[in-house]
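# Structural overview
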Amino acid sequence: MPEAVRAAFVAALEREVEPLVSRWERLRLSDEHAKFSAFRSRGIYDAGEAVLCCAGTGVARAEQATRALLQHFAPQIVISVGFVGAASPDLHVADIVVPGSVTLHGTGERATSAFGQGEMATLEEVAGRERKVQLWNTERIVAVEMEAAGVARSSNEEGVCFAAIRAVSDELDDDTE
């Protein structure tokens, strides 16, 4: 039987969450296909335990890591965390994006978040300025990243709430291609 925790977080890379997990217990998490670095907080002030898994980049890795978390733990919510590229000209480095929905761009697959507003797109590749401008102008996508739709898909398949909280790492005018 999975261990109950209040929340599970999925990030792509450890460097995205280093300050958060610096004092958390380090775990090894695996499923039949892959191994992931993971961390556990025992909670403070009755906040309850939380776990965080670093999946690696991309939708497939995020799906695998989320499934592994759900197999070993029973979170009330799974939250995709990490960095995001701004598509909206109103977003700046270090701003926080909490989207109301996440779209796996190019597939039409869309997941609603437990909270938030605006739409974030999960892409298969890093988007440069031109692509982000196009997504903002045509679809009002506020930000782009590469994992959240995978986290959402695996969470929704198991009937677990999903959300995303991301920090802007590059502004619209920063060409990251």
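Residues numbered from 1 in each chain as written. Predicted model: local features only at pLDDT ≥ 70, side-chain atom pairs only at ≥ 80, totals over all residues. Heavy atoms only, no water.

By the definition in use, this model includes 12 salt bridges. Put simply, E3 and R40 hold a salt bridge, and the shortest N to O gap is 2.7 Å. Residue E3 is located in strand β1 (residues 3-11), and its partner R40 is located in strand β3 (residues 35-41); the two are separated by 37 residues in the primary sequence. One salt bridge in this structure joins E25 and R40, with 3.3 Å as the shortest N-O distance. Residue E25 is located in strand β2 (residues 25-30), and its partner R40 is located in strand β3; the two are separated by 15 residues in the primary sequence. A residue is classified by how much of its surface remains accessible, and E25, at 34% relative accessible area, is partly exposed. Here R40 falls in the buried class, since its relative accessible area comes to 11%. In the salt-bridge network here, residues are joined through shared partners; they are E63, R67, E109 and R153. (Salt bridge = Lys/Arg side-chain N within 4 Å of Asp/Glu carboxyl O. Helix = DSSP H or I, 4+ residues; strand = E, 2+ residues; numbered from the N terminus. Buried < 20%, exposed > 50% of the residue type's maximum accessible area, 1.4 Å probe, protein only.)

In this structure, L69, V97 and M120 are the most contacted members of the largest nonpolar core, which totals 39 residues. Sorting elements by how many residues they give to this core places helix α2 (residues 59-72) first, with six residues. In terms of nonpolar packing, the next biggest core, distinct from the first, is built from 14 residues, W24, I77, I79 and A163 among them. (Core = buried A, V, L, I, M, F, W, Y, C linked by side-chain atoms within 4.5 Å.)

Moving on: the pairing of strand β5 (residues 73-86). Where burial is concerned, most of β5 is hidden: 11 out of the 14 residues are buried. Pairing of β1 with β5 involves seven bridges; the strand directions are parallel. Note on β5: the bridge partner recorded for A8 is V78. In the sheet, β5 pairs with strand β10 (residues 141-145) via two bridges, with the strands oriented antiparallel. Residue pairing for β10: G85 is matched across the bridge by V144. (Pairing = 2+ DSSP bridges.)

Moving on, we come to the pairing of strand β11 (residues 161-170). Relative to β11, β5 runs parallel, the two being bridged by nine bridges. Note on β11: the bridge partner recorded for V84 is V168.

Let us now look at the environment of A55. Summarising the element assignment, A55 is placed in the loop between β4 (50-54) and α2. Overall, the relative accessible area of 1% leaves A55 in the buried class. Distance in space between the C-alpha atoms of A55 and A143 is 20 Å, their sequence separation being 88 residues.

On to unusual backbone geometry. A positive phi angle, close to 85°, is found at A94, a residue other than glycine. For A94, the location among the structural elements is in the loop between β5 and β6 (96-97). With relative accessibility at 56%, the residue A94 sits in the exposed group.

Shape descriptors only; they carry no functional weight alone.
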